[in-house]
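Structural characterization, general
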Amino acid sequence: MKETHFKDNFWSTDFNSTAGYDNLIQHLNDGKKTCKEIEDFIKARATIEEKYGKELINLSRKVCGQTELNTMKRALDVFKQQIENIGQAHTHLAQSLREEAKRLEDFREKQKDSRKKAEQFMESLHKQKASQYKKTMESKKTYEQKCREKEEAEQNLNRNSNTSNAKQQEKLQMKSQQTKAAAEDADKVYQQNVTLMEKVRDEWQKEHIKSCEQFEMQEVERIHNLRNIIWTHVNQLSQQCVTSDEFYEEVRKSLEQCSVQKDIEYFIDLRRTGETPPAPIPYENFYNGQRPNASRPQVQCGRRGPLPPPSTPSDGIYSTVDDSSYSLARY
């Protein structure tokens, strides 16, 4: 299958038309705009990655599980360290993305400078071609006018060839010669302008082909470059996921070493206070005359027990007003 190229598809039958060239320039400008948009996109992603990385680093340095012991403490330390590592990785990714954006910016500026020379030269040729075309058409118009004047003078001379007025005859003869000379001069100017216009047209056509080839080459490079940059960009993001997963794997490994039983035993060994529980505290009736003596240990009650059950009339320990043995105290 035959390949299609810019140089074969952006012409116009109109001598002064620049439609094909204008379409190419518009397309290249659109491509330049796309490069700038991708460049800004990558820069914005770099800013996000940098901010995210710094936030993760700050988060990893916050107090978290400071009172934990033994294997859980080690697991939490690994967890915080790996979060910090992930934050560092994101800041490194941000730097890599900015470097990639800078390469795209340099490429865009390089193409811009290369195109600028071609565009300036083509613009000059377009103006020169249009100017020469206008001059040629004006000289053609003058030439045609002079030819008509020459024919008219010759016709007048022929119509009055039999006139007896010699002076009139001489005047017509001179007019015919003058118009003939003017027509010949106009013809020469017209031919010179046509020749010059052809030279300008030929130069413009060759330069148009060269420009099309250059623009097509730039377009191939631009698409190829954009493809590679986006490919590299997503590879960088994928690698970041792999790197993060490696750090997370370290956390999973540390959690696998975290033993519930070991941490329980560690805490018991560290903070044990004894194995014997306190003895039951007996109930002591205030009215039975029993008082704690020095030999009885004093019980430190940190908490009040439940209220004793209310006594009943049949309870022998308590005396009531109705009891016959009850009497007032005597002094």
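The name given to the chain in an unreviewed UniProt entry is PPIP2 protein, and the organism recorded there is Polypterus senegalus.

1. A few points about the overall build of the chain
Of the regular secondary structure elements, the chain holds four helices and zero strands. Overall, the chain shows an N-to-C arrangement of helices and strands of α-α-α-α. Long-range pairs, those at least 24 residues apart, make up 86% of the contacts in the chain between residues at least 6 apart in sequence. Accessible surface, the chain: about 24700 Å² in total, of which carbon and sulfur atoms supply 52%.

2. What to know about the environment of Tyr283
Along the polypeptide, Tyr283 turns up in the segment after helix H4 (260-271). Side chain to side chain, Tyr283 and Asn285 meet in a polar contact 3.5 Å long.

3. A look at the environment of His92
Looking at the secondary structure, you find His92 in helix H2 (residues 70-159). Relative accessible area serves as the criterion here: at 53%, His92 is assigned to the exposed category. The spacing of His92 and Glu49 is 43 residues in sequence and 8.8 Å in space, taken between C-alpha atoms.

4. Side note on the side chain of Glu216
Tracing the sequence through the fold places Glu216 in helix H3 (residues 166-256). One buried charge, Glu216, has no salt-bridge partner; the nearest side chain with opposite charge is Lys7, at 7.4 Å. Beyond its immediate chain neighbours, meaning those up to four positions away, Glu216 contacts Thr4, His5 and Phe6.

5. Structural notes on the packing of helix H1 (residues 19-60) against H2
The geometry of H1 relative to H2 is characterised by a closest axis approach of 8 Å and an angle of 165° between their N-to-C directions. Here H2 runs roughly antiparallel to H1, going by the angle between their axes. Judged by the sense of rotation from one axis to the other, the crossing of H1 with H2 is left-handed. Of the residues assigned to the contact of H1 with H2, the class counts are 19 nonpolar, nine polar and 16 charged.

6. Structural notes on the side chain of Arg115
Within the element layout of this structure, Arg115 appears in helix H2. For Arg115, a relative accessible area of 5% puts it in the buried group. Apart from residues no more than four positions distant in its own chain, Arg115 is found in contact with Ile25, Leu28, Asn29, Lys32, Gln214, Phe215 and Gln218.

7. Considerations on the packing of aromatic side chains
A full pass over the atoms with the stated rule returns six aromatic pairs. Ring centres of Trp11 and Trp204 lie 5.8 Å apart, and the angle between their planes is 80°; this geometry places the pair in the edge-to-face category. Taken together, the residues span a long stretch of sequence, with Trp11 in the segment before H1 and Trp204 in helix H3 at a distance of 193 residues. With a centroid separation of 5.2 Å and 25° between ring planes, the pair formed by Phe15 and Tyr133 is classed as stacked. Note that Phe15 is positioned in the segment before H1 and Tyr133 in helix H2, a separation of 118 residues in sequence. Lys129 extends its terminal NZ or CZ atom over the ring of Phe15, reaching a point 4.8 Å from the ring centre. The lysine or arginine in question, Lys129, covers the ring of Trp204, its NZ or CZ lying 4.4 Å from the ring centre.

8. Looking at the pattern of salt bridges
On inspection of all chains with the given rule, the structure shows 24 salt bridges. Residue Lys43 pairs with Glu105 through a salt bridge whose shortest N-O separation is 3.9 Å. Here the residue Lys43 occupies a position in helix H1, and Glu105 occupies one in helix H2, the gap between them amounting to 62 residues. Looking at Lys43, the relative accessible area reads 33%, which means it is partly exposed. Glu105 sits in the partly exposed class, given a relative accessible area of 24%. One salt-bridge network, in which partners are shared between bridges, spans Glu39, Lys43, Glu105, Arg108 and Glu109.

9. Quick look at unusual backbone geometry
Positive phi outside glycine occurs at Asn70, with the angle close to 55°. On the secondary structure map, Asn70 appears in helix H2.

Each value, and the rule that gives it
Residues numbered from 1 in each chain as written. Predicted model: local features only at pLDDT ≥ 70, side-chain atom pairs only at ≥ 80, totals over all residues. Heavy atoms only, no water. Helix = DSSP H or I, 4+ residues; strand = E, 2+ residues; numbered from the N terminus. Contact = heavy atoms within 4.5 Å. Areas by Shrake-Rupley, 256 points an atom, 1.4 Å probe, with all protein chains shown as cover. Polar contact = N/O pair within 3.5 Å; in protein donor to acceptor, adjacent residues only side chain to side chain. Buried < 20%, exposed > 50% of the residue type's maximum accessible area, 1.4 Å probe, protein only. Lys, Arg positive; Asp, Glu negative; His and termini not counted. Salt bridge = Lys/Arg side-chain N within 4 Å of Asp/Glu carboxyl O. Axes fitted to C-alpha atoms, helices over the stretch in contact; angles between N-to-C directions. Parallel < 35°, antiparallel > 145°, perpendicular 65-115°, else oblique. Left-handed = near helix turned anticlockwise from the far one by under 90°. Nonpolar A, V, L, I, M, F, W, Y, C, P; charged D, E, K, R; others polar. Phe/Tyr/Trp six-rings, centres within 6.5 Å; stacked < 30°, edge-to-face > 60°. Lys NZ or Arg CZ within 6 Å of the ring centre and 35° of its normal.

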